[in-house]
Amino acid sequence: MPADLPIDVHKLEAQRRTKRDEVAQLGMLPYGQRTDDLLPLAEAHTHYDQAADKTFQEHKDPARDTRPRVKIAGRVTLHRDNGKLIWMNLRDNTRESFQIAVSKKDCDELGFSLAKLTDMGDILIAEGPLMKTRTGEVTCWASTLRPASKCLIPPPEKHAGLQDIELRYRQRYVDMWANPETTAVLELRSRVISAIRAFLAERGFLEVETPMLQTQAGGAAARPFITHMNALSIDLYMRIAPELFLKRLLVGGLPRVFEVNRNFRNEGLDKQHNPEFTMLELYQAFGNYETIMALTEDIVRHAARTASPAGAAILPFRDGRIDYEQPFDRITYADLFKQHLGFAITERDRVRKEAETRGLKVRTEAGVELDHWFLVNELFETFAEPKLHPYRPTWIMDYPASLSPLTRPKTSDPSLAERADLFIGGMEIGPHYTELNNPDIQSEKFREQLAGVDDEESTFRTFDEDFINALKVGMPPAGGMGLGIDRLIMLLANQPTIRDVIAFPMMKPLG
RNA sequence: GAGGACCUAGCUCAAUGGUAGAGCAGCGGCCUUUUAAGCCGUUGGUUCCGGGUUCGAGUCCCGGGGUCCUCACCA
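Residues numbered from 1 in each chain as written. Chains lettered and ligands numbered in written order. Predicted model: local features only at pLDDT ≥ 70, side-chain atom pairs only at ≥ 80, totals over all residues. Heavy atoms only, no water.

Section: the sheet that holds strand 9 (residues 226–229)
Then step 1. Sheet architecture is open: 3 strands sit in the order 8-10-9, paired in antiparallel fashion. Each edge of the open sheet carries a strand with a single partner, namely strand 8 (213–214) and strand 9.
Then step 2. One ladder, built from 2 bridges, connects strand 8 with strand 10 (residues 234–238); its direction is antiparallel. Along strand 10, the bridge assignment pairs Leu 213 with Met 238. (Pairing = 2+ DSSP bridges. Helix = DSSP H or I, 4+ residues; strand = E, 2+ residues; numbered from the N terminus.)

Dropping the structure here:
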């Protein structure tokens, strides 16, 4: 029993508090208690027995009532009070709507009183036989009804639901029951990640956990979040990638490792970027980028089958469909470039001229001419990459070595790197590499990277001496990849933004 | 970071610079097969915040906050 109401309580909340207290005064526990043997609403529905219902309707004899009884719980989404008969619709995560009826004659007295005091959004526990209404809807004809929890906050409009995008993200707990699609997406996410874990375990991959708090943020080129550790009086970085630690585990002798976890990048937010995001990163000793590409195709296909109600991995996305069953398309970086620009990436003069003609920046503010490979990539990303088929998973292979400093160059052509990026639905899903394992080359690349950064970046980019030491100990040749899990879920759940697949996306604080 | 749009009752949305409204929810009444139940009656506002222009501002102007979109940034 509440002593005093919070001062600024809204009138509608006050009314709900009053009803809650009336329920308590009647002798019920407004916030419920342990309840065993509850059926999910989707299952309750299937217990209906037509013959038993028919028999009961003919005799109306409680002693010969053989109709199956169910005990269920759910949140009230509709409430129709006909006086001595009250209809309600309950919702749980298994079923959007399941009807119960509470009649003055057939329900116990407490239950009927509770039905009278029920507001939309309350959580109730009902028990009773299953029957069919005149219109054929399977309904639980409650013989008892008890409270499980009170909803003190007025719920969204019952038909339009919660439309306000900001409120949906800020109050996901309301969004989830007001818009069942939200819950469905989060459940799909969970199932897909579980399926990926099981799939990898079956192929001999060991799931590991590596530091999220790091003394230097390595493994990617991104701005990290900085935090502070009191005990050691040092600043720490939230990791931007687990790569350098996973590779240390290869050095240590684990042949196949993966980690599915959060990375943190202190950069902008948009439809495809949240500051914390989930990545599957994976390494296989004695493999190369092609080994991993094949594995990734299997992973993505398996994930898509898990997500597909039909079992076959062909799923709608935006205005089209994506077929994950077919082998993914493959095209080299150089071919895709030539196809859409009309000349080769090696034609230096042509590249510079075309970049200028097409309005790209070809020199810095200070007048220094920009690097050839930088221009190539600008042209590529602006005019070639966007031309990829929007609904066909495609590998872009063999990036210029200059653009992939941490990747092993191709033995047959050292100007190209053994790197492939997977694109699906217009999104970059994950880079794949044959990893560098020569400590001297790695050491050199670290130095080049450090030299090339601006002042701001140089404050947090450092030379990872211990990682070089690990490579000196000897890492087997290996293939590796990072797969953006959030983006994969966007594809599989057909969601337009990364925030729709993250339960609690980053929002600016209010006030 | 730049540009554009938006913010009105608990929710979904209206309102030429001229009395802030509807539907749903709520409250009171009637109702034992309803389906967004129905019928009668009824309450409800810091129009995101702060300034300004004006006889008069939800509406126009300036500043701030938040959200969305586009672009930029982004292995």
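Let's talk about the packing of helix 11 (residues 348–357) against helix 12 (residues 372–384)
Two quantities define a packed helix pair, namely the angle between the helix axes and the distance between the axes.
Then step 1. Packing of helix 11 against helix 12 leaves a shortest axis separation of 10 Å and a crossing angle of 55 degrees. Relative to helix 12, the element helix 11 is oriented oblique. The element helix 11 and its partner helix 12 pack so that their crossing is left-handed. Along the contact surface, helix 11 presents Arg 348, Val 351, Arg 352, Glu 354 and Ala 355, while helix 12 presents His 372, Trp 373, Leu 375, Val 376 and Leu 379.
Then step 2. Residue classes in the contact of helix 11 with helix 12 are distributed as 6 nonpolar, 1 polar and 3 charged. (Axes fitted to C-alpha atoms, helices over the stretch in contact; angles between N-to-C directions. Parallel < 35°, antiparallel > 145°, perpendicular 65-115°, else oblique. Left-handed = near helix turned anticlockwise from the far one by under 90°. Contact = heavy atoms within 4.5 Å. Nonpolar A, V, L, I, M, F, W, Y, C, P; charged D, E, K, R; others polar.)

Digging into the protein's contact with RNA strand B
Then step 1. Around RNA strand B sit 48 residues in total, of which Gln 15, Thr 133, Thr 135, Glu 166 and Arg 499 are the nearest.
Then step 2. Each atom of RNA strand B within 4 Å of the protein belongs either to a base or to sugar and phosphate, the latter forming 61%.
Then step 3. Between RNA strand B and Arg 134 there is a distance of 2.7 Å, counted from a sugar or linking oxygen to a side-chain nitrogen or oxygen.
Then step 4. Ala 221 places a main-chain nitrogen or oxygen 3.5 Å from a phosphate oxygen of RNA strand B.
Then step 5. Of all the elements in the fold, those that place two or more residues in the surface near RNA strand B are helix 1 (11–25), strand 1 (69–81), strand 2 (85–92), strand 3 (95–103) and helix 5 (165–170).
Then step 6. The leading source of residues in the surface near RNA strand B is helix 1, at 4 residues. (Near = heavy atom within 4 Å. Polar contact = N/O pair within 3.5 Å; in protein donor to acceptor, adjacent residues only side chain to side chain.)

What about a nonpolar patch on the surface?
Then step 1. Together, Met 229, Leu 232 and Ile 234 line one region of the surface with nonpolar side chains, adding up to about 240 Å² of accessible area.
Then step 2. Following the sequence through the fold, Met 229 ends up in strand 9.
Then step 3. Judged by relative accessible area, which is 31%, Met 229 ranks as partly exposed. (Patch = residues over 30% accessible without salt bridge, like charges linked within 9 Å, V, L, I, M, F, W, Y side chains within 5 Å. Areas by Shrake-Rupley, 256 points an atom, 1.4 Å probe, with all protein chains shown as cover. Salt bridge = Lys/Arg side-chain N within 4 Å of Asp/Glu carboxyl O. Buried < 20%, exposed > 50% of the residue type's maximum accessible area, 1.4 Å probe, protein only.)

Let's talk about empty space enclosed by the protein
Then step 1. In this structure the tally under the stated criterion is 1 cavity of 30 Å³ or more.
Then step 2. Quantified by volume, the largest cavity comes out at close to 80 Å³.
Then step 3. Elements that contribute at least two residues to the lining of the largest cavity include exactly helix 1, strand 4 (123–132) and strand 6 (144–149).
Then step 4. A per-class count over the lining of the largest cavity returns 8 nonpolar, 2 polar and 4 charged. (1 Å grid on protein atoms, 1.4 Å probe; cavity = no way out; pocket = protein on both sides within 12 Å on 5 of 7 lines; lining within 4 Å. Points joined across faces, edges and corners; volume = space filled by probe spheres on them.)

Remarks on the layout of surface pockets
Then step 1. For the second largest pocket, the calculated volume is near 420 Å³.
Then step 2. Lining the second largest pocket are 16 residues, with Phe 56, Arg 67, Lys 105, Asp 106 and Trp 141 sitting closest to its centre.
Then step 3. For the lining of the second largest pocket, the elements supplying multiple residues, two or more each, are helix 3 (50–59) and strand 4.
Then step 4. Of the residues belonging to the lining of the second largest pocket, the class tally is 6 nonpolar, 3 polar and 7 charged.

Points about the domain arrangement of chain A
Then step 1. Domain annotation for chain A reports domain 1 (11–155) and domain 2 (178–328 + 425–501).
Then step 2. The C-alpha-based centres of domain 1 and domain 2 are spaced at 47 Å. (Domains from an automatic or database assignment.)

Notes on the environment of Glu 259
Then step 1. Within the secondary structure, Glu 259 sits in strand 11 (residues 256–264).
Then step 2. Each C-alpha atom of the pair Glu 259 and Glu 209 lies 6.2 Å from the other, and the pair is 50 residues apart in sequence.
Then step 3. Those residues in contact with Glu 259 that lie beyond four places of it in its chain are Val 208, Glu 209, Thr 210, Arg 239, Pro 242, Leu 246, Met 279, Leu 280 and Glu 281.
Then step 4. Side-chain polar atoms of Glu 259 contact the side chain of Thr 210, separated by 2.6 Å.

Description of the sheet that holds strand 11
Then step 1. Strand order in this open sheet of 8 strands is 7-11-12-19-18-17-16-15, and the pairing throughout is mixed. Strands at the two margins of the open sheet, each flanked by one partner only, are strand 7 (206–207) and strand 15 (329–332).
Then step 2. Across the sheet, helix 8 (residues 243–252) touches strand 11, strand 12 (276–285) and strand 19 (478–484), and the angle it forms with strand 12 is around 25 degrees.

Considering helix 10 (residues 333–341)
Think of an α-helix as 3.6 residues a turn; residues three or four steps apart then line up on the same face.
Then step 1. Considered for burial, the residues of helix 10 that qualify are Tyr 333, Leu 336, Phe 337 and Leu 341. Each buried residue of helix 10 lies within a common arc of 105 degrees when the element is viewed along its axis, so the set occupies one face.
Then step 2. Packed against the buried residues of helix 10 are strand 15, helix 12 and strand 16 (394–397).
Then step 3. Of the residues one or two after helix 10, Gly 342 is the one with positive phi, at around 90 degrees. (Arc of directions from axis to C-beta.)

Overview of the pattern of salt bridges
Then step 1. In this structure the tally under the stated criterion is 31 salt bridges.
Then step 2. Note that Asp 81 and Lys 116 form a salt bridge whose closest N and O atoms lie 3.1 Å from each other. Of this pair, Asp 81 sits in strand 1 while Lys 116 sits in helix 4 (residues 109–116), and the two are 35 residues apart along the sequence.
Then step 3. With relative accessibility at 38%, the residue Asp 81 sits in the partly exposed group.
Then step 4. When its relative accessible area of 35% is taken as the criterion, Lys 116 is described as partly exposed.
Then step 5. Glu 290 is the partner of Arg 330 in a salt bridge, and the nearest nitrogen-oxygen pair spans 3.1 Å. Of this pair, Arg 330 sits in strand 15 while Glu 290 is found in helix 9 (residues 289–307), placing the two residues 40 residues apart along the sequence.
Then step 6. Assessed through its relative accessible area of 37%, Glu 290 is described here as partly exposed.

With respect to the packing of helix 7 (residues 180–202) against helix 9
Then step 1. Contact geometry of helix 7 with helix 9 gives a least axis separation of 9 Å together with a crossing angle of 140 degrees. Viewed along their axes, helix 7 and helix 9 adopt a mutual orientation that is oblique. In this structure, the crossing between helix 7 and helix 9 has a hand that is right-handed. Across the interface between the two elements, Leu 188, Arg 191, Val 192, Ala 195, Ile 196, Phe 199 and Leu 200 from helix 7 touch Leu 295, Asp 298, Ile 299, His 302, Ala 303, Thr 306 and Ala 307 from helix 9.
Then step 2. For the contact of helix 7 with helix 9, a count of residues per class yields 10 nonpolar, 2 polar and 2 charged.

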